[in-house]
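These are the residues of each chain, in order.
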Amino acid sequence: MKDGKNINLALIGCGKMGTAMLRGWLASSIENRIYILDPAGIPEDLQDYVPNPVSFFTDPAKFVSAAPAADIFIIAVKPQIMENVCRSIAKAVPRSALVLSIAAGQTITSFERRFGTAQPVVRAMPNTPASIGEGISAAVANGNVTENQKEQADAVLKSIGKTEWVDDESLLDAITAVSGSGPAYVFLLIEIMAEAGCKAGLPADLAMRLARQTVVGASALAKKETALPVSSLRQSVTSPGGTTEAALRVLMGGPMQRLFDEAIAAATARGKELGN
Ligand SMILES: NC(=O)c1ccc[n+]([C@@H]2O[C@H](COP(=O)([O-])OP(=O)(O)OC[C@H]3O[C@@H](n4cnc5c(N)ncnc54)[C@H](OP(=O)(O)O)[C@@H]3O)[C@@H](O)[C@H]2O)c1
């Protein structure tokens, strides 16, 4: 039994997320062999880097006839082409192999329909900090996934950051809204803080450097001080009667929570729509 080390992986789609995962696997040496299918060929920035045990295919027919002896088939293509891609590779996927999808909105049922109801399937939602090993993936498994396969899937996802497992697939829409899309909200926060700094009289480039590094530093503190609730980190910056308190009185008493409630609800609803 392989326990998340020396597993054979097949990666279908080597774009942004696929490349991030590939880098993570190579760095953490979890793989034995990796078979990759992507019609665009090996990404340019990986051409001098990918070592021997990686076989790269651009033609689905050649991929299928090579019959990759993979334990896990990781599907990282856009949801819009999922149907065709699954059809083109289905013959290469053994019935006992784990299918691990990271595609937004694609349900476990849709993969059971494409590969068969006995197929072990894990549906996961990572996010873009995966590209520097700082992602977080939430995952849910169907009833065919063995404990050993779950450990293997966990190792595959841990190579790009942290993992959270849930039992209820319907939570994935809200999870996508919080952590899948979440990096965009934080980047927007940097933009908004810099813009507000400009309005308060700062040169634009200085305001952007200040806002950017403030989010970087605050994130690093949130990562380091895991024993403290985030509210304590906030309070530690807030002295009574001081500048932070003046700003927080505006932010916390105002529409910020309502805006976030609406934003997360909109993203959750869109995730549900995409899954239908
Ligand atoms: N990016 C994110 O923030 C994020 C977060 C969580 C989940 N996801 C999910 O991750 C998946 C991949 O997203 P991404 O951002 O990595 O997209 P991406 O950069 O476009 O990568 C998809 C890759 O699949 C390739 N491809 C196209 N047709 C294929 C085929 N028939 N067989 C194999 N590969 C094929 C594409 O090649 P071409 O470019 O030549 O078409 C591209 O290299 C999506 O389902 C998305 O929902 C993304």
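The numbering scheme is per chain: residues are counted from 1 as the chain's sequence reads. This being a predicted model, a pLDDT of at least 70 is required before a residue's local features are given, and a value of 80 or more before pairs of side-chain atoms are given or counted; all residues contribute to the totals for chains, interfaces and linings.

1. Some points on the overall build of the protein chain
- Secondary structure assignment for the protein chain yields eleven helices and eight strands.
- With respect to the three principal axes, the spread of C-alpha positions in the protein chain is 70 × 40 × 35 Å.
- When each of the 276 residues of the protein chain is scored for burial, the buried share is 32%.
- Here, residue contact means that the backbone-derived C-beta atoms of the two residues sit within 7 Å. Long-range contacts, defined as pairs at least 24 residues apart, comprise 67% of the intrachain contacts of the protein chain with a sequence gap of at least 6. The numbering of helices and of strands both runs from the N terminus, where a helix is a DSSP run of H or I of at least 4 residues and a strand a run of E of at least 2. Three classes are used. A residue is buried when 20 or more other C-beta atoms lie within 10 Å of its own, exposed when 12 or fewer do, and partly exposed in between, with C-beta atoms placed from the backbone.

2. Some details on the domain arrangement of the protein chain
- Residue ranges for the domains originate in an automatic or database domain assignment. Here the protein chain is partitioned into domain 1 (7-172) and domain 2 (182-275).
- Taking only C-alpha atoms into account, the centre of domain 1 sits 33 Å from that of domain 2.
- In terms of residue class, the side of domain 1 that touches domain 2 is made up of three nonpolar, four polar and no charged. Classification convention: Asp, Glu, Lys, Arg as charged; Ala, Val, Leu, Ile, Met, Phe, Trp, Tyr, Cys, Pro as nonpolar; all other residues, Gly among them, as polar.

3. Section: the site of the ligand
- Around the ligand sit 25 residues in total, of which Gly13, Gly15, Ala40, Ala103 and Ala104 are the nearest.
- It is helix 1 (residues 16-28) that provides the largest number of residues to the shell around the ligand, a total of three residues.
- Counted by class, the shell around the ligand contains 16 nonpolar, six polar and three charged residues. We call a residue near a molecule or strand when the C-beta position, derived from backbone atoms, sits within 6 Å of it.

4. Concerning the nonpolar core
- Connectivity within a nonpolar core runs through C-beta atoms within 7 Å, and the core itself is a set of buried Ala, Val, Leu, Ile, Met, Phe, Trp, Tyr and Cys residues. Grouped together as the largest cluster of nonpolar side chains are 55 residues, with contacts concentrated most on Leu11, Ile12, Ile72 and Ile74.
- When sequence neighbours within four positions are dropped, the list of residues in contact with Ile12 reads Leu37, Phe73, Ile74, Ile75, Ala76, Val77, Val85 and Ile89.

5. A short note on the packing of helix 6 (residues 171-180) against helix 11 (residues 256-275)
- Axis definition: a line fit to C-alpha positions, over the contact stretch in the case of helices; interaxial angles, taken between N-to-C directions, run 0 to 180 degrees. Two elements in contact, helix 6 and helix 11, have axes whose closest approach is 8 Å; the angle formed by their N-to-C orientations is 130 degrees. Put simply, helix 6 runs oblique to helix 11. Where helix 6 crosses over helix 11, the handedness of that crossing is right-handed. Between helix 6 and helix 11, the contacting residues are Asp173, Ala174, Thr176, Ala177 and Val178 on the first element and Ile264, Ala267, Thr268, Gly271 and Lys272 on the second.
- For the contact of helix 6 with helix 11, a count of residues per class yields five nonpolar, three polar and two charged. Angles are sorted into four bins: roughly parallel if under 35 degrees, roughly antiparallel if over 145, roughly perpendicular if 65 to 115, and oblique for all others. We call a crossing left-handed when the near helix sits turned anticlockwise from the far one by less than a right angle, and right-handed when that turn is clockwise.

6. Considerations on helix 3 (residues 82-89)
- Turning to helix 3, its buried residues number three or more, namely Met82, Val85, Cys86 and Ile89. The buried residues of helix 3 occupy one face: seen down the axis, they fall within an arc of 95 degrees. Of the residues in helix 3, the exposed ones pointing more than 90 degrees away from the buried face are Asn84 and Arg87. In this description, one arc is meant: the one made by directions from the helix axis to the C-beta atoms.

7. As for the pairing of strand 1 (residues 7-12)
- In terms of residue burial, strand 1 counts as a mostly covered element, since five of its six residues are buried.
- The pairing of strand 1 with strand 4 (residues 72-75) spans four bridges and is classified as parallel. For Leu11, the partnering residue across the bridge sits in strand 4 and is Ile74. Only when DSSP finds a minimum of two bridges between them are two strands counted as paired.

8. Description of the environment of Leu100
- Looking at the element boundaries, Leu100 is found in strand 5 (residues 98-101).
- Note: C-alpha distance between Leu100 and Leu259 (159 residues apart in sequence) is 34 Å.
- The residues contacting Leu100, other than those within four sequence positions of it, are Ile72, Ile74, Ile75, Val122, Ala124, Ala153 and Val156.

9. Quick word on the environment of Gly201
- Along the chain, Gly201 falls in the loop between helix 7 (182-199) and helix 8 (204-224).
- Gly201 sits in the exposed class, given 7 other C-beta atoms within 10 Å.
- Sequence separation of Gly201 and Asp168 is 33 residues, and the distance between their C-alpha atoms is 49 Å.

10. Concerning the packing of helix 7 against helix 8
- It is the contact of helix 7 with helix 8, at a shortest axis distance of 8 Å, that shows an interaxial angle of 140 degrees. One way to sum up the angle between helix 7 and helix 8 is to call them oblique. Along this stretch, helix 7 crosses helix 8, giving a crossing that reads as right-handed. Here helix 7 contributes Val186, Leu189, Ile190, Met193, Ala194, Gly197 and Cys198 to the contact with helix 8, which in turn contributes Ala204, Ala207, Met208, Leu210, Ala211, Arg212 and Val215.
- Class assignment for the residues of the contact of helix 7 with helix 8 results in twelve nonpolar, one polar and one charged.

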